[in-house]
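# Secondary and tertiary structure notes
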Amino acid sequence: ALTAVLVYNIAKLVIKDKKFALVAGFLSAIFYPLAGFTIRIIREPLMAFLLVLSVWLLLKAQQTLKFRWFALAGFNIGLMALTNSITQPFVLFVIFGFTLIFGRDILTKPKLLRIGLFLACFLILTLGFLYRFHWEKGADPLASKSGVLGRKAEMIELMRGETYFRNFGGFADILFQIKIH
């Protein structure tokens, strides 16, 4: 429900028409893939909410240039990176977006302070986990094979052959037993 409210607020900020904002909010509220997963406790609904929240916070930061929106956006994107590791590079796209939006003004002191605050808030949340991973594993968490994504890729590679055939074979064995009896 909060995601639909945020979609409404984003549409109101971008389009500036209340009718279209209401339609956007209503369509996101009845969009089944967004609402259908909320009956289970999984990370996808939380991830969708954090993604829409980050878009809203970044829009507010860009429009108002207030420190609090940059700080909240940094914390939110840090939470997003900790919730789902695939979004870890999202902060780089945000920095690139800041350079496109602000242009040459990005090198002025007020803009650099705001972007620095955004990065500091992002790093406050994520560096502790990266350090802990390095301390436990003795590896660089940003390296391709030792990072979170690299570890998941290694697990998928290990599961491909043996686990697939064991599960498929067990399923086929059950089907044959049912058919015979």
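Everything discussed here concerns the structure shown above.
Residues numbered from 1 in each chain as written. Predicted model: local features only at pLDDT ≥ 70, side-chain atom pairs only at ≥ 80, totals over all residues. Heavy atoms only, no water.

Glancing now at the overall build of the protein chain. Regarding its fold elements, the protein chain presents 9 helices and 0 strands. Along the protein chain, helices and strands appear, N-terminal first, in the series α-α-α-α-α-α-α-α-α. A total of 181 residues make up the protein chain; the buried ones form 31% of that total. In the protein chain, the proportion of contacts linking residues at least 24 apart, taken out of those at least 6 apart, comes to 57%. As presented, the protein chain carries roughly 12,600 Å² of accessible surface, and 71% of it is formed by carbon and sulfur atoms. (Helix = DSSP H or I, 4+ residues; strand = E, 2+ residues; numbered from the N terminus. Buried < 20%, exposed > 50% of the residue type's maximum accessible area, 1.4 Å probe, protein only. Contact = heavy atoms within 4.5 Å. Areas by Shrake-Rupley, 256 points an atom, 1.4 Å probe, with all protein chains shown as cover.)

Let us now look at helix 6 (residues 90-102). Spacing of three or four residues puts side chains on the same side of an α-helix, whose turn is 3.6 residues. Helix length check: helix 6, at 13 residues, gives a terminal C-alpha distance of 18 Å against a target of 18 Å (1.5 Å per residue), a fit within 8%. Listing the buried residues of helix 6 in full gives Val91, Val94, Gly97, Phe98 and Phe102. The arc enclosing the buried residues of helix 6, seen along the axis, measures out at 110 degrees, which places them on a common side. Residues of helix 6 that are exposed and angled more than 90 degrees away from the buried face: Leu92, Phe93, Phe96 and Leu100. (Expected span 1.5 Å × (residues − 1). Arc of directions from axis to C-beta.)

Once that is clear, we can look at unusual backbone geometry. Even without glycine at this site, Lys16 takes up a positive phi of about 65 degrees. In this structure, Lys16 sits in the loop between helix 1 (2-14) and helix 2 (18-30). In this structure, Leu65 takes a positive phi of about 60 degrees despite not being glycine. Relative accessible area serves as the criterion here: at 26%, Leu65 is assigned to the partly exposed category.

All right, on to the packing of helix 4 (residues 43-64) against helix 6 then. When two helices pack together, their arrangement is given by the angle between the helix axes and by the axis-to-axis distance. Running from amino to carboxyl end, helix 4 crosses helix 6 at an angle of 25 degrees, the nearest separation of the two axes being 12 Å. As summarised for this structure, helix 4 and helix 6 are arranged roughly parallel, according to the angle between their axes. In this structure, the crossing between helix 4 and helix 6 has a hand that is right-handed. In contact with Leu51, Ser54, Leu58 and Gln62 of helix 4, helix 6 contributes Phe90, Val94, Phe98 and Ile101. (Axes fitted to C-alpha atoms, helices over the stretch in contact; angles between N-to-C directions. Parallel < 35°, antiparallel > 145°, perpendicular 65-115°, else oblique. Left-handed = near helix turned anticlockwise from the far one by under 90°.)

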